[in-house]
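# Architecture and fold: a report
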Amino acid sequence: QVQLVESGGGLVQAGGSLRLSCSASGIRFGINAMGWYRQAPGKQREAVATITSEGFSDYADSVKGRFTISRDNAKNTVYLQMNSLKPEDTGVYYCYAEVRRFAFGRGWSDNWGQGTQVTVSS
């Protein structure tokens, strides 16, 4: 079974930094895209940053210039470096991986981590 395990969340003051990590296990045929999503109470889950298997990344406008996503394909791990944190960054952060289901042909499954709380105080 594919599992995504996250770490690095916590409480930090505004202007501080956190680094989130997410490691995938049970991978048989590789991972395409990976990413980080977040959800604040009463709001929809939104994409924060995504990264392809080739290392091309994309960011939400609200975090551009402050967050950096990276991945280590050999370790099936994705990271999110969060700098200059703001109170509005507070939420549950979820790791995502698009996992190949078969050795050949098309077929991908969406996999999610359990979420980790990030709280930024004023």
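Everything here concerns the structure above.
Bear in mind the structure is a predicted one, so any value in this text is a computation, not a measurement. (Residues numbered from 1 in each chain as written. Predicted model: local features only at pLDDT ≥ 70, side-chain atom pairs only at ≥ 80, totals over all residues. Heavy atoms only, no water.)

A few words now on the state of the cysteines. What the rule picks out here adds up to 1 disulfide. One disulfide in the model links Cys-22 with Cys-95; its S-S distance is 2.1 Å. When the S-S torsion is -85 degrees, as for the bridge of Cys-22 with Cys-95, the disulfide is left-handed. Placement of Cys-22 in strand E3 (residues 18–25) and of Cys-95 in strand E9 (residues 91–100) is noted, with a sequence separation of 73 residues between them. There is no split in this pair, since Cys-22 and Cys-95 are both buried. (Disulfide = S-S within 2.5 Å. Helix = DSSP H or I, 4+ residues; strand = E, 2+ residues; numbered from the N terminus. Buried < 20%, exposed > 50% of the residue type's maximum accessible area, 1.4 Å probe, protein only.)

Before going further, it helps to examine the pattern of salt bridges. Applying the stated criterion to the full structure yields 4 salt bridges. Of the charged contacts in the structure, one is a salt bridge between Lys-64 and Asp-61, with a shortest N-O distance of 3.1 Å. (Salt bridge = Lys/Arg side-chain N within 4 Å of Asp/Glu carboxyl O.)

Okay, unusual backbone geometry next. You will see that Asn-76, though not glycine, has its phi angle at about 50 degrees, which is positive. Relative to the helices and strands, Asn-76 is located in the loop between strand E7 (67–72) and strand E8 (77–82). In this structure, Ser-84 takes a positive phi of about 50 degrees despite not being glycine. Its place among the elements puts Ser-84 in the loop between E8 and E9.

Turning our attention to the sheet that holds strand E1 (residues 3–7). If you walk across this open sheet you meet the 4 strands as E1-E3-E8-E7, and the pairing is antiparallel. Edge positions in the open sheet fall to E1 and E7, since each of these has one partner strand only. For this sheet the average axis-to-axis angle between neighbouring strands, irrespective of direction, equals 15 degrees. Of the strand pairs in this sheet, E1 and E3 are connected by 5 bridges, and their pairing is antiparallel. Directly across from Gln-3, in E3, lies its bridge partner Ser-25. (Pairing = 2+ DSSP bridges. Axes fitted to C-alpha atoms, helices over the stretch in contact; angles between N-to-C directions.)

In terms of nonpolar packing, the biggest core is built from 26 residues, with Trp-36, Phe-67, Val-78, Leu-80, Met-82 and Tyr-93 touching the most fellow members. Among the elements of the structure, E3, strand E4 (31–39), strand E5 (46–51), E7, E8, E9 and strand E11 (116–121) are those that each provide at least two residues to this core. Met-82 has contacts with Gly-16, Ser-17, Leu-18, Leu-20, Arg-66, Phe-67, Tyr-93 and Val-118, leaving out every residue within four places of it along the chain. (Core = buried A, V, L, I, M, F, W, Y, C linked by side-chain atoms within 4.5 Å. Contact = heavy atoms within 4.5 Å.)

Okay, the side chain of Glu-6 next. Tracing the chain through its elements places Glu-6 in strand E1. In this structure Glu-6 is buried but unpaired, with Arg-45 as the nearest side chain of opposite charge at 8.2 Å. One polar contact links the side chain of Glu-6 to the main-chain amide nitrogen of Cys-95, over a distance of 2.4 Å. Side-chain polar atoms of Glu-6 contact the backbone nitrogen of Gly-115, separated by 2.7 Å. Among all residues touching Glu-6, those that are not within four sequence positions of it are Ser-21, Cys-22, Trp-36, Tyr-93, Tyr-94, Cys-95, Gly-113, Gln-114, Gly-115 and Thr-116. (Lys, Arg positive; Asp, Glu negative; His and termini not counted. Polar contact = N/O pair within 3.5 Å; in protein donor to acceptor, adjacent residues only side chain to side chain.)

Purely geometric stuff here, so don't read any function into it on its own.
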